[in-house]
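If you want the building blocks of each chain, they are given just below.
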Amino acid sequence: MAAAMKAQKTGLLELRVTVDRWIRVLATLTEDTFTVNPGEGAEEPAKPSPSPAGAVNGDPPNLSSSPVPETITNVKRTVRVTKQDVGGLGISIKGGKENKMPILISKIFKGLAADQTEALYVGDAILSVNGFDLREATHDEAVQALKKTGKEVILEVKYIKEMSAFFKSSGSPGASLPWDSPPSTPQRGTEVSPAEVKEPRSIPLKMCQVSRKQCPPDTENRYFEVISSNRKNLMFLRAKDPAMAQSWYNAIQAAAATLLPQVKEEMKSMQPGMEVKYVGWLTEQMSQGPEKPVLAVLTDKDLLLFSSFPESKESLRNPAKCHTLITTRLVHSGPGKSSPLMDSELSFGLRSGTKQGVETHVFRVDSAKELSAWTHLLVEGCHNAAELIKEVTAACSWNGKECMLGVHIDDGFTLFTEEMGVRKNILLQQPFERLRMSSDDGVRMMFLDFGGPEAEIQLDLHCCPKTLVFIIHSFLSAKVKRLGLLA
């Protein structure tokens, strides 16, 4: 069995379980997983009676709750406990490797062995017992290790302040709470599980989406959302302040980013020959209807859009949309000026030349860093695709004669006839440098003006010319890039 992943970040958050209902959870981030564990208040009905004498912060009178010295936080300590004949160590524990948590003291019973040491606290992580390492132990393994000890028990512990707060009562006591966090906005097919919130819940970081922009109006700027790569599991969370929400967002994003090389290799193994340049979540702004999250995969030739992470060869071969880079142009990055769809500072727009005409798509990202990355990668991807493909051909008519048009990034424009796929007669040849102007009617005609005796030539492409027009633009842009005139 693989060793448990070391926690990179832990802390208290609130999980939304219904539209207006939240519970406290302990969040743990490891190298490959984000996990939340419900607090005890979500599991056990609280006592409605007033706190009896001797209780602290509402703890029942049989539980000890001694003040914790600030000096012991995150410091290893060794505590000797002498078991009693009745009551054993006098503690309860939670956590374990299967819960992505250390072994934690969750209760100390007043008057029993652990309480009498006056050196153990709720929130202490038990690192070892009598020299037996518990840092990667499951809950059951820890229970057995503690039971098998003799009368004298040596505990190595470390107090974790965040864990202590986790064991305080949270949420509405005694209520049955659903575990699946409802989405920030209604999503078809998403249902809230009727199960009570008792068990930890995890979302693998591999290609998960973490967002602060998907959330509903957040006047306090404390929300963020984590969604699994298959879009089936999500957590809608609230931090205590904007700084903590941003800290969690940054940490989850960074941890997920470290898994991208693994994702690329998996895609390559499913489809040999595919060269994946970048993978990330985008939010497509629709002209009608709600925004739509899409997983964008940038290859050496295409921008592929999926509704969820493709986990099979078949799903990888069948994206929801494919934009060929050589026929796609970045038209804006940042605040849009001409369309109400482009009002976000963190958006970019693409136009693609297709057989049906020009398609426009606007995408939003969550951060300026993502916007910069996508802007650079798309422009560079278009140039690299042009250099890779080098030449395209299309059937056309010129001066009433059926022929072929070849457009080559180095050789320019060639009109020729062919037989059995072999070029036979060259009818016209012009370099890119001679092209003064190009235009089209948006239906089937394209006009190229090279000056000189031929002046403007008219080509009937028998279909919408926009695909070829965009390719010509990509070749020209790549040639300008060669000269170092583009950053």
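One can find the structure itself at the top, above this paragraph.
Residues numbered from 1 in each chain as written. Predicted model: local features only at pLDDT ≥ 70, side-chain atom pairs only at ≥ 80, totals over all residues. Heavy atoms only, no water.

Draft legend 1. How the structure looks around the overall build of the protein chain. Along the protein chain, the regular secondary structure elements total eight helices and 27 strands. Split into buried and exposed, the 487 residues of the protein chain put 46% on the buried side. Of the contacts formed within the protein chain by residues at least 6 apart in sequence, a portion of 55% connects residues at least 24 apart. When the accessible surface of the protein chain is totalled, it reaches about 24,400 Å², and 51% of it is carbon and sulfur. (Helix = DSSP H or I, 4+ residues; strand = E, 2+ residues; numbered from the N terminus. Buried < 20%, exposed > 50% of the residue type's maximum accessible area, 1.4 Å probe, protein only. Contact = heavy atoms within 4.5 Å. Areas by Shrake-Rupley, 256 points an atom, 1.4 Å probe, with all protein chains shown as cover.)

Draft legend 2. Geometry of the nonpolar core. If you look at the biggest cluster of nonpolar residues, it comprises 26 residues, and the most contacted ones within it are L405, V407, F413, L415, M446 and L459. For this core, the secondary structure elements donating two or more residues are strand 21 (391-398), strand 22 (401-408), strand 23 (412-419), strand 26 (445-449), strand 27 (456-460) and helix 8 (466-482). It is helix 8 that contributes the most residues to this core, six residues altogether. The contacts of L459, once residues within four sequence positions are left out, are C396, S397, W398, L405, L415, R444, M445, M446 and L448. Membership of the second largest hydrophobic core comes to 25 residues, among which are I23, I203, V210 and A239. (Core = buried A, V, L, I, M, F, W, Y, C linked by side-chain atoms within 4.5 Å.)

Draft legend 3. Inspection of the sheet that holds strand 1 (residues 9-18) at higher detail. In spatial order, the strands read 10-3-2-1-13-12-11; together these seven strands make up an open sheet with antiparallel pairing. Two strands lie at the open edges of the sheet, namely strand 10 (201-204) and strand 11 (209-211), each paired on one side alone. For this sheet, the mean angle separating the axes of adjacent strands, direction not counted, is 30°. Helix 4 (residues 242-257) contacts strand 1, strand 2 (21-29), strand 3 (33-38), strand 11 and strand 12 (223-227) of the sheet and is inclined by roughly 105° relative to strand 1. (Pairing = 2+ DSSP bridges. Axes fitted to C-alpha atoms, helices over the stretch in contact; angles between N-to-C directions.)

Draft legend 4. Representation of the sheet that holds strand 19 (residues 347-354) within the structure. Read across the sheet, seven strands follow the order 17-16-15-14-20-19-18 without closing on themselves; strand pairing throughout is antiparallel. The two strands at the open ends of the sheet, each matched to only one other strand, are strand 17 (321-324) and strand 18 (328-333). The mean angle between the axes of side-by-side strands here comes to 35°, regardless of whether they run parallel or antiparallel. Sheet analysis places strand 16 (residues 302-306) next to strand 17, joined by four bridges and oriented antiparallel. By the bridge assignment for strand 17, D302 is matched with T324.

Draft legend 5. A look at the pattern of salt bridges. What the rule picks out here adds up to 16 salt bridges. Between K466 and D440 there is a salt bridge, with the nearest N and O atoms lying 3.2 Å from each other. Of the two residues, K466 is situated in helix 8 and D440 in strand 25 (residues 437-440); the sequence distance between them amounts to 26 residues. Each of E291, R364 and D366 takes part in a single network of salt bridges with overlapping partners. (Salt bridge = Lys/Arg side-chain N within 4 Å of Asp/Glu carboxyl O.)

Draft legend 6. Structural view of the pairing of strand 3. Most of strand 3 is tucked away: six of the six residues are buried. Here strand 3 shows no split at all, with T33, T35 and N37 on one side and F34, V36 and P38 on the other all buried. By the bridge criterion, five bridges tie strand 2 to strand 3 in an arrangement that is antiparallel. Of the residues in strand 3, the one forming a bridge with T28 is T35.

Draft legend 7. Molecular detail of the environment of E152. Structurally, the position occupied by E152 is in strand 9 (residues 152-159). Sequence separation between E152 and V81 is 71 residues, and the spatial gap between their C-alpha atoms is 6.0 Å. Dropping the residues within four chain positions of it, E152 is found in contact with R80, V81, T82 and N130. A polar contact is formed between the side chain of E152 and the side chain of T82, at a distance of 3.1 Å. (Polar contact = N/O pair within 3.5 Å; in protein donor to acceptor, adjacent residues only side chain to side chain.)

Draft legend 8. Molecular detail of helix 5 (residues 260-270). All of the buried residues along helix 5 are L260, V263, M267 and M270. Seen end-on, helix 5 carries its buried residues on one side only, within an arc spanning 85°. For helix 5, exposure combined with an orientation more than 90 degrees from the buried face picks out P261, E265 and S269. Contact partners of the buried residues in helix 5: helix 4, strand 14 (276-285), strand 15 (292-299) and helix 6 (313-317). (Arc of directions from axis to C-beta.)

Draft legend 9. Region of the structure containing the side chain of D366. Structurally, D366 can be placed in the loop between strand 20 (357-364) and helix 7 (368-389). The exposure class assigned to D366 is buried, which follows from its relative accessible area of 16%. Apart from residues lying up to four places away in sequence, D366 is in contact with V210, S211, R212, K213, Y249 and L346.

Draft legend 10. Representation of the packing of helix 7 against helix 8. For the pair helix 7 and helix 8, the least separation of the axes is 9 Å and the interaxial angle reads 100°. Considering the angle they form, helix 7 stands roughly perpendicular to helix 8. Every residue of helix 8 that contacts helix 7 at C382, H383, A386 and E387 is listed here: S474, F475, S477, A478, K481 and R482. Grouping the constituent residues of the contact of helix 7 with helix 8 by class yields four nonpolar, three polar and three charged. (Parallel < 35°, antiparallel > 145°, perpendicular 65-115°, else oblique. Nonpolar A, V, L, I, M, F, W, Y, C, P; charged D, E, K, R; others polar.)

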